Amino acid sequence: MKTLNLGILAHVDAGKTSLTERLLHCAGVIDEPGSVDAGNTRTDTLALERQRGITIRSAVVSFAVAGTTVNLIDTPGHPDFIAEVERVLGVLDGAVLVVSAVEGVQAQTRLLARTLHRLGIPTLFFVNKVDRAGADPDRVLRQLADRLTPHVVALGRVDAAGTPAARWIPHPPGDPGHQARLVDLLSAHDDALLAAYVADERTATPDRLREALVAQTARARVHPVLAGSAVTGAGVDELIDAVTALLPATAGDDHAPLSGTVFKVERGAAGEKVAYARIFAGTLRVRDRIRHGGGRESRVTALAVFDGGDATPGDAAGAGAGRIVRLHGLADVRVGDVLGVPPERPAGRRHFAPPTLETVVEPVRPADRPALHAALTQLAEQDPLINLRQDDRRQEIAVSLYGEVQKEVIEATLADDYGVPVTFRETTTVCVERVVGVGAAVEWIGRDPNPFLGTVGLRVEPGPVGGGVEFRLGIELGSMPLAFLKAIEETVRETLGQGLHGWAVIDCVVTLTHGGYWARQSHSHGVFDKSMSSTAGDFRHLTPLVLMTALSRAGTRVHEPVHRFRLDLPADVVGTVLPVLAGLGAAPRSSTLRGTSYLIEGEVPAGRVHALEQRLPGLTRGEGALEAEFDHHRPVRGPVPSRPRWDHDPLHRKEYLLAVARRVTGRPAR
Ligand SMILES: Nc1nc2c(ncn2[C@@H]2O[C@H](COP(=O)(O)OP(=O)(O)OP(=O)(O)O)[C@@H](O)[C@H]2O)c(=O)[nH]1
Ligand SMILES: [Mg+2]
């Protein structure tokens with residue numbers, strides 16, 4: 001049995017969950033398809049998803065057809081939950097990108113298409129909702145070609161579009177118009193096909209073209225398009241055929257060492273952690289002890305495999321390469337953990353911009369503070385980008401956010417699932433700091449005022465945009481125990497979470513210029529003496545001090561996130577909207593008249609997008625359509641926002657040193 005791990009992706013409300021349900025029905029897994037509107041689908045299982053009719057978390061279901069197990073991963077379309085999509089991208093063999101036949105290509109469609117293309121994930125398009133009034137599949141097909149990729153080809157056409165009787169009619173094999181379009185499309189990437197066709201047109205037989213279509217779809221060079229309706233079922237049988245015939249099933253070796261990635265973590269009925277992982281190679285069985293997330297090791301206590309229908313308990317055969325499994329027993333598992341050997345496709349890579357907003361969460365009842373912390377910690381396990389930050393001094397907890405809907409979901413989840421009602425402070429923008437110059441600092445072992453048993457010297461300088469934080473060794477690798485080097489590097493990365501103004505420092509190079517330690521020493525009776533021997537703790541405490549001193553010498557500049565926007569407006573309201581854009585700090589770069597509407601493109605600070613969204617309906621009679629997505633960081637103009645430090649203030653050098661030294665090392669300050 002082959003396996004195909006298939007993502008269903010789209011802009012919000014395009015019909016992913018309805019289509020998933022319909023696919024399960026057509027494949028014979030469920031007798032009656034559930035409906036999003038009735039709140040009884042297989043994949044929208046959270047109470048909140050059912051109440052609101054939107055998907056919040058990705059969910060896996062599966063069916064078996066024609067010798068292939070298809071694992072469907074239904075994802076959320078709302079941009080506030082893009083992190084859920086990001087996590088599944090690394091485990092997909094293929095994707096169906098759903099586009100509504102009424103709304104057409106939308107902001108998230110574009111973002112997802114670009115990302116799937118960049119990752120080379122084989123993708124089919126499904127134009128959904130052809131039964132709805134206003135459906136225009138031909139217009140949407142042209143939009144796909146104009147706005148997403150020219151390498152698309154429809155495998156059929158829609159009859160009676162915009163009516164409940166709408167049907168999908170596949171082009172018959174050998175249909176001359178279809179053959180000609182296929183030759184055009186496929187010969188662009190296939191010289192042999194082109195040469196043969198030029199020499200003799202008859203070489204382009206339906207079989208030969210089909211073979212080329214399969215090969216080029218698998219390489220994500222071309223994208224077949226189908227259309228239909230998740231509600232009436234039109235085109236869905238054909239979609240199943242296309243998925244199994246055109247998308248490449250997974251290849252992997254069951255006998256190789258285990259290799260997999262965790263893409264989802266949830267809590268089971270008894271509060272235990274349940275992990276969803278894709279196995280890339282090897283076989284996983286119940287009671288196996290596995291290494292995950294680097295150093296940790298756990299025993300799998302229960303395992304379920306998705307293979308046609310719901311997950312079934314893994315029997316003695318276990319789960320082989322290509323499978324998606326649900327695992328119990330990994331107590332401290334996290335999203336993005338590698339199981340066994342790292343797979344070729346790295347997990348946990350960033351495909352989308354991180355959240356640009358944050359807010360402080362307050363419990364309504366002050367006594368709930370510990371419960372709130374515990375609850376948010378659990379939520380952050382499921383969604384690592386929630387990125388909890390706790391200020392011990394002020395007793396505050398902040399979470400990062402993509403938007404207001406995510407905030408409402410967090411609020412409802414805390415109240416309903418954890419019994420902790422909360423309020424939020426105002427949402428603020430998350431800035432970053434970039435290093436502007438070069439700065440260095442060093443603290444020597446045994447020299448005042450350094451109370452720690454270690455020498456650390458660091459140099460900080462700007463790095464390339466998008467390069468992240470790079471840690472380099474400027475000393476011999478063998479000159480210090482690896483554990484100390486690791487402690488220094490980890491602490492550097494952690495410390496740069498808050499720069500001189502309290503924001504994360506990005507795109508810089510940190511070089512370890514000096515390192516020294518006192519080797520492990522013992523008294524005559526053989527007891528390890530902490531007051532004479534360096535420990536990793538010495539380096540963990542000394543590094544922030546040295547780094548922050550170097551950073552303050554290098555200097556940083558605060559940058560704010562900026563979104564790129566596209567605004568579609570009726571031409572007659574442009575005059576009233578432009579001053580509003582200016583008032584919100586938005587800078588239009590271009591405007592194009594398209595019939596009776598204007599398309600304005602430009603940049604707007606991330607913190608103003610929500611305000612713009614709220615004002616738009618009133619300004620445009622509800623006809624304005626805004627798309628905005630993170631583009632880049634730019635230097636803050638005007639007053640520089642700073643964020644209170646959460647941990648300590650390393651710049652208050654002496655007090656900090658002495659206090660930390662006493663508290664942490666137990667050694668008297670020198
Ligand atoms: N007429 C019609 N309505 C549809 C079709 N597919 C979905 N819908 C309706 O569109 C709405 C959204 O459908 P969902 O399946 O929740 O869309 P989704 O893409 O999963 O939405 P999110 O997960 O929240 O992004 C629901 O009211 C569906 O009943 C279709 O083919 N035809
Ligand atoms: Mg959905």
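In this report, the structure presented in the accompanying data block is examined.

Section: the overall build of the protein
Okay, step 1: What the protein contains, in helices and strands, is 16 helices and 32 strands.
Okay, step 2: Taking 26 Å as the expected radius of gyration for a compact globule of 670 residues, we find that the protein reaches 28 Å, a close match to that expectation.
Okay, step 3: Looking at the protein as a whole, 51% of its 670 residues qualify as buried.
Okay, step 4: Within the structure as shown, the protein displays about 29200 Å² of accessible surface, and the carbon and sulfur contribution to it stands at 52%.
Okay, step 5: Seen as two clouds, the 75 positive and the 80 negative side-chain charges of the protein have centres 6 Å apart.

Here's the deal with the pattern of salt bridges
Okay, step 1: Evaluation of the coordinates by the stated rule reveals 36 salt bridges.
Okay, step 2: Through salt bridges with shared partners, a single ionic network connects Arg 57, Glu 84, Arg 87 and Asp 383.

Some points on the pairing of strand β24 (residues 439-443)
Okay, step 1: Of the two faces of β24, only the one carrying Gly 439, Ala 441 and Glu 443 is buried; Ala 440 and Val 442 on the other face are not.
Okay, step 2: Pairing analysis gives five bridges linking β24 to strand β25 (residues 455-462), with the strands arranged antiparallel. Within the sheet, the bridge partner assigned to Glu 443 lies in β25 and is Val 456.

Observations regarding the sheet that holds strand β6 (residues 152-154)
Okay, step 1: The seven strands are arranged β2-β3-β1-β4-β5-β9-β6 in an open sheet whose pairing can be described as mixed. Single-partner strands in this sheet number two, and they are β2 (59-65) and β6. Within the sheet, the average angular offset between the axes of one strand and its neighbour, ignoring direction, is 25°.
Okay, step 2: The pairing of strand β4 (residues 94-100) with strand β5 (residues 123-128) spans six bridges and is classified as parallel. Its bridge partner being in β5, Val 96 is matched across the sheet by Leu 124.

Examining helix α8 (residues 206-218)
Okay, step 1: With 13 residues, α8 should reach 18 Å at 1.5 Å per residue; the first-to-last C-alpha distance of 18 Å fits that figure.
Okay, step 2: Listed in full, the buried residues belonging to α8 are Leu 209, Ala 212, Leu 213, Gln 216 and Thr 217. Across the axial projection of α8, the buried residues extend over an arc of 125°, all falling on one side. For α8, the exposed residues set more than 90 degrees away from the buried face come down to Asp 207 and Glu 211.

Here's the deal with the nonpolar core
Okay, step 1: Judged by nonpolar contacts, the single largest core of 81 residues is most densely connected at Leu 9, Leu 23, Leu 72 and Leu 239.
Okay, step 2: When residues of this core are assigned to their parent elements, the largest contribution, six residues, is made by helix α9 (residues 236-246).
Okay, step 3: In terms of nonpolar packing, the next biggest core, distinct from the first, is built from 28 residues, Met 480, Leu 485, Val 505 and Phe 539 among them.

Quick notes on helix α13 (residues 536-554)
Okay, step 1: Helix length check: α13 (19 residues) gives 27 Å between terminal C-alpha atoms against 27 Å at 1.5 Å per residue, within 8%.
Okay, step 2: Following α13 by one or two positions, Gly 555 has its phi on the positive side, about 80°.

Overview of unusual backbone geometry
Okay, step 1: Even without glycine at this site, Ala 160 takes up a positive phi of about 60°.
Okay, step 2: Mapped onto the elements of the fold, Ala 160 is located in the loop between β7 (156-159) and β8 (167-170).
Okay, step 3: Although it is not a glycine, Arg 287 sits at a positive phi angle of roughly 75°.
Okay, step 4: Mapped onto the elements of the fold, Arg 287 is located in the loop between β11 (273-281) and β12 (289-292).
Okay, step 5: Residue Arg 287 is classed as exposed on the basis of its relative accessible area, which comes to 61%.

Remarks on the packing of helix α3 (residues 82-89) against helix α4 (residues 107-119)
Okay, step 1: As a packed pair, α3 and α4 sit with axes 12 Å apart at the nearest point and diverge in direction by 20°. The angle between α3 and α4 places the two elements in the roughly parallel class. The two elements α3 and α4 meet at a crossing, and its hand is right-handed. Residues Ile 82, Val 85 and Leu 89 of α3 pack against Gln 108, Leu 111, Leu 112, Thr 115, Leu 116 and Leu 119 of α4.
Okay, step 2: Across the contact of α3 with α4, the residue classes tally to seven nonpolar, two polar and no charged.

Some details on the site of ligand 1
Okay, step 1: Neighbouring ligand 1 are 20 residues, the closest being Lys 16, Ser 18, Asp 37, Thr 55 and Asp 131.
Okay, step 2: The contact in question runs from an oxygen atom of ligand 1 to an N or O atom on the side chain of Asn 128, over 3.0 Å.
Okay, step 3: One of the side-chain nitrogen or oxygen atoms of Lys 129 is found 3.2 Å away from an oxygen atom of ligand 1.
Okay, step 4: Burial of ligand 1 by the surrounding chains reaches 89%, relative to a free accessible area of 650 Å².

Definitions and limits used
Residues numbered from 1 in each chain as written. Chains lettered and ligands numbered in written order. Predicted model: local features only at pLDDT ≥ 70, side-chain atom pairs only at ≥ 80, totals over all residues. Heavy atoms only, no water. Helix = DSSP H or I, 4+ residues; strand = E, 2+ residues; numbered from the N terminus. Rg over C-alpha atoms; globule rule 2.2 N^0.38 Å. Buried < 20%, exposed > 50% of the residue type's maximum accessible area, 1.4 Å probe, protein only. Areas by Shrake-Rupley, 256 points an atom, 1.4 Å probe, with all protein chains shown as cover. Lys, Arg positive; Asp, Glu negative; His and termini not counted. Charge placed at Lys NZ, Arg CZ, Asp CG, Glu CD. Salt bridge = Lys/Arg side-chain N within 4 Å of Asp/Glu carboxyl O. Pairing = 2+ DSSP bridges. Axes fitted to C-alpha atoms, helices over the stretch in contact; angles between N-to-C directions. Expected span 1.5 Å × (residues − 1). Arc of directions from axis to C-beta. Core = buried A, V, L, I, M, F, W, Y, C linked by side-chain atoms within 4.5 Å. Parallel < 35°, antiparallel > 145°, perpendicular 65-115°, else oblique. Left-handed = near helix turned anticlockwise from the far one by under 90°. Contact = heavy atoms within 4.5 Å. Nonpolar A, V, L, I, M, F, W, Y, C, P; charged D, E, K, R; others polar. Near = heavy atom within 4 Å. Polar contact = N/O pair within 3.5 Å; in protein donor to acceptor, adjacent residues only side chain to side chain.

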